[in-house]
Amino acid sequence: DGRILFSMQESDSRPFNLWEIRVDAATGRPLSEARRFTQWSGFNASGANNLSITADGKQLALLRSNVRADVYLAEPVAGGKAMKNPRRLTLEESDDAVWDWMADSRAVIFESNRNRNNDLFKQNISQTEAETIVVSPEQEGHPGLSPDGAFILYLVSEKSGEPATRLMRVPVGGGPP
């Protein structure tokens, strides 16, 4: 009927929604501005895929999925080709991405969006709560232990999805970046 439906996320803090735009069927040129077709919530880090509409345009089928990343621990077996006893370490309802181990192999360093933007945390593998490393309005990510084990190195960007603008470090024992 001259409409194109598509899935789009307006920003990292907003969910994906379906959008529509009217187009000229002969040329494909837009006849209107795109407008949001749905008002979904709780639908981040994912999208709507496999859109299919009936010939009469009255019913739409789609795959709506929601992806959340968590940190898991497991024991390697069979020369590292398999694992056993996997267990979830991070229990927050947020996206958590592990990047490195602390030097003592008793804690992991990870980034998480639990504060509505990416910040840095570490969590002892025998604990259920994470310890804050760096929290700011910027996007901190890719944390890793420095070769001498004295600092946690990380990248900073002003907004999610933008390239990192700075390489920063924070002492392992805490302190200002």
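Residues numbered from 1 in each chain as written. Predicted model: local features only at pLDDT ≥ 70, side-chain atom pairs only at ≥ 80, totals over all residues. Heavy atoms only, no water.

**So, the pairing of strand β10 (residues 119-124)**
Most of β10 sits out of view: five of its six residues are buried. Summarising the sheet, strand β9 (residues 107-112) and β10 pair through six bridges and their orientation is antiparallel. Directly across from Glu-111, in β10, lies its bridge partner Leu-120. A loop of six residues connects β9 with β10, the two strands running antiparallel in sequence, and Arg-116 in this loop sits at a positive phi of about 75 degrees. In terms of strand pairing, β10 meets strand β11 (residues 131-134) through three bridges, oriented antiparallel. The residue of β11 that forms the bridge with Lys-122 is Glu-131. In this structure, the hairpin formed by β10 and β11 is closed by a connection of six residues. (Buried < 20%, exposed > 50% of the residue type's maximum accessible area, 1.4 Å probe, protein only. Helix = DSSP H or I, 4+ residues; strand = E, 2+ residues; numbered from the N terminus. Pairing = 2+ DSSP bridges.)

**Digging into the sheet that holds strand β2 (residues 16-22)**
Strand order in the open sheet made by the three strands is β1-β2-β3, with antiparallel pairing throughout. Every interior strand has two partners, whereas the edge strands, β1 (3-9) and β3 (35-36), have only one.

**Points about the sheet that holds β9**
Within the open sheet, the four strands sit side by side as β8-β9-β10-β11. Their pairing is antiparallel. With partners counted over all chains shown, the strands left at the sheet margins are β8 (96-101) and β11, one partner each. Sheet twist, expressed as the mean angle between neighbouring strand axes with direction ignored, is 35 degrees. (Axes fitted to C-alpha atoms, helices over the stretch in contact; angles between N-to-C directions.)

**Considerations on the confidence of the model for the protein chain**
For the protein chain, per-residue confidence averages 87 on the pLDDT scale, and residues scoring 70 or more make up 92% of the total. Within the protein chain, no element has a lower average pLDDT than strand β4 (residues 47-53), which sits at 74, and none a higher one than β10, at 97. (pLDDT = per-residue confidence, 0-100.)

**Thoughts on the side chain of Thr-90**
Summarising the element assignment, Thr-90 is placed in the loop between β7 (82-88) and β8. Excluding its chain neighbours within four sequence positions, the residues that come into contact with Thr-90 are Asp-70, Val-71, Asp-96, Phe-110, Arg-114 and Gln-123. (Contact = heavy atoms within 4.5 Å.)

**Some words on the packing of aromatic side chains**
This model, assessed by the stated rule, comprises one aromatic pair. The residue whose ring lies beneath Arg-114 is Phe-121, and the NZ or CZ to ring-centre distance is 4.8 Å. (Phe/Tyr/Trp six-rings, centres within 6.5 Å; stacked < 30°, edge-to-face > 60°. Lys NZ or Arg CZ within 6 Å of the ring centre and 35° of its normal.)

**A closer look at the environment of Ala-82**
Tracing the chain through its elements places Ala-82 in strand β7. With 79 residues separating them in the primary sequence, Ala-82 and Arg-3 have C-alpha atoms 48 Å apart. Setting aside residues up to four positions removed in sequence, Ala-82 forms contacts with Glu-75, Pro-76 and Val-77.

**Comments concerning the environment of Leu-155**
Inspection of the secondary structure puts Leu-155 in strand β13 (residues 151-157). Through-space distance from the C-alpha of Leu-155 to that of Asn-85 is 32 Å; in sequence the pair is 70 residues apart. In contact with Leu-155, other than residues within four places in its own chain, are Gln-139, Glu-140, Gly-141, His-142, Ala-164, Arg-166 and Leu-167.

**Thoughts on the pattern of salt bridges**
Within the structure shown, the criterion is met by seven salt bridges. The residue Glu-93 makes a salt bridge to Arg-88 at a minimum N-O spacing of 4.0 Å. On the basis of relative accessible area, Glu-93 is assigned to the exposed category, the value being 61%. On the accessibility criterion, Arg-88 (25% relative accessible area) is partly exposed. Glu-138 serves as the salt-bridge partner of Arg-166, at 2.7 Å between the closest nitrogen and oxygen. (Salt bridge = Lys/Arg side-chain N within 4 Å of Asp/Glu carboxyl O.)

**Description of the side chain of Lys-122**
Looking at the secondary structure, you find Lys-122 in strand β10. Notably, Lys-122 is buried but unbridged: the nearest opposite-charge side chain belongs to Glu-131, and the N-O separation is 4.1 Å. Once residues within four sequence positions are removed from consideration, Lys-122 is found in contact with Met-102, Val-108, Ile-109, Phe-110, Ala-130, Glu-131, Ile-133 and Val-172. (Lys, Arg positive; Asp, Glu negative; His and termini not counted.)

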